[in-house]
Amino acid sequence: MDEFEGKIAVITGAGSGIGRSLAVAAARRGMTVIAADIEEPPLNDTVAEILADGGTATAFPTDVSDAGSVQRLADYAFGEHGGVHLLCNNAGVFSGGLSWERTVADWEWAIGVNLYGIVHAIRSFVPRMIALDTECHIVNTASMGGLITNAYSGPYYASKFAAVGATECLAHDLISINAKIGVSVLVPSLIATNIGSSERNRTERHIDRLSPEMTPDAAFVSQMLRDSTSAGMPPADVAELVFDAVRHGHFYIPTKPSYQAQIAARHDAMTRYELPASAQLD
Ligand SMILES: NC(=O)c1ccc[n+]([C@@H]2O[C@H](COP(=O)([O-])OP(=O)(O)OC[C@H]3O[C@@H](n4cnc5c(N)ncnc54)[C@H](O)[C@@H]3O)[C@@H](O)[C@H]2O)c1
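Treat the numbers as computed from the prediction; the structure is a model and nothing was measured.

Caption draft 1: Local environment of the sheet that holds strand S4 (residues 86-89). With respect to topology, seven strands assemble into an open sheet ordered S3-S2-S1-S4-S5-S6-S7, the strand pairing being parallel. This sheet does not close on itself; its edge strands, each paired only once, are strand S3 (56-61) and strand S7 (252-254). This sheet shows a mean twist of 15 degrees between the axes of neighbouring strands, independent of strand direction. Where helix H5 (residues 116-132) meets the sheet, its contacts fall on strand S1 (8-12), S4, strand S5 (136-141) and strand S6 (181-187), and the angle it forms with S4 comes to roughly 175 degrees.

Caption draft 2: Structural context of the pairing of strand S2 (residues 32-37). Counting buried residues in S2 gives five out of six residues, a clear majority hidden from the surface. Sheet topology note: the S1/S2 ladder contains five bridges and is parallel. Bridge pairing in S2 links valine 10 to isoleucine 34. Between S1 and its parallel partner S2, the chain crosses via helix H1 (residues 17-28), and the hand of that crossover is right-handed. As defined by bridge partners, S2 adjoins S3 across six bridges and the pair is classed as parallel. Directly across from alanine 35, in S3, lies its bridge partner alanine 59. A crossover links S2 with its parallel partner S3, the connecting element being helix H2 (residues 40-52), and its sense is right-handed.

What counts, and at which threshold
- Residues numbered from 1 in each chain as written.
- Predicted model: local features only at pLDDT ≥ 70, side-chain atom pairs only at ≥ 80, totals over all residues.
- Pairing = 2+ DSSP bridges.
- Helix = DSSP H or I, 4+ residues; strand = E, 2+ residues; numbered from the N terminus.
- Axes fitted to C-alpha atoms, helices over the stretch in contact; angles between N-to-C directions.
- Contact = placed C-beta atoms within 7 Å.
- Buried ≥ 20, exposed ≤ 12 C-beta atoms within 10 Å, placed from the backbone.
- Right-handed = clockwise from strand over helix to strand, strands pointing away.

If you want it as structure tokens, here you go:
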């Protein structure tokens, strides 16, 4: 897909970080943006920023972990705007710590947002995008944490590995029916966003009633993430990489050259039947 002007973009997680930058970048390319997020004040700020910039955008509060909420987003996009040409399933949360210390609620929250957010969108948007029978593109945000592993991040990395798998399968499915829908998966390294403060968006149904407090291991890894992401790539640069990849039809969208060596090292270890070395996001 290389024409964006006058087309419709739906972007989840548009209230902050990478999602906000994707929304701004889409509007600057002349797209009408439907910005979705669970956190309303920053979502409204994104829309205000786009309008002040002369673009067109609407805020649509959405919880991507809730199938009904994603269905309402799709109904709005197709009902009011007549179609969706670029769908960025980008909303995400970090939940980390020692795997055995994590509660069921922790696992369900990470998988609910990072995997089911994508699954619900596939089910609600893709049939209607296929019916449009015009050039479209879907970008799912996973992570380098969906391709490499290390300690203290089980729920997040597991959800992102699943997001990568679901996105590869979606691409194969669409190819098998000759659909005009391109697919990409964004696999960022460290980006300067608010991901290290994900707890701000934990929904009631994803809180463990028995142990609502963060355990020391989870608090430690969240702090580490805040420290390391603050020196990461600016999200606006990521948005440019995404639009470039969509134009060129690239499936994988990494943000750092270290991607090559990290993937090669993982696959080398796998062919030797070994546990891949712990690889830190950089
Ligand atoms: N920042 C990084 O270093 C990094 C690295 C790899 C991957 N990612 C991924 O990038 C994506 C964007 O995250 P970010 O880094 O911009 O973080 P961020 O916290 O700045 O933005 C994430 C957005 O998702 C929204 N969100 C959270 N739960 C939601 C829900 N249930 N429904 C709808 N929206 C919800 C948040 O409100 C927020 O606006 C995520 O999928 C994240 O996992 C980030």
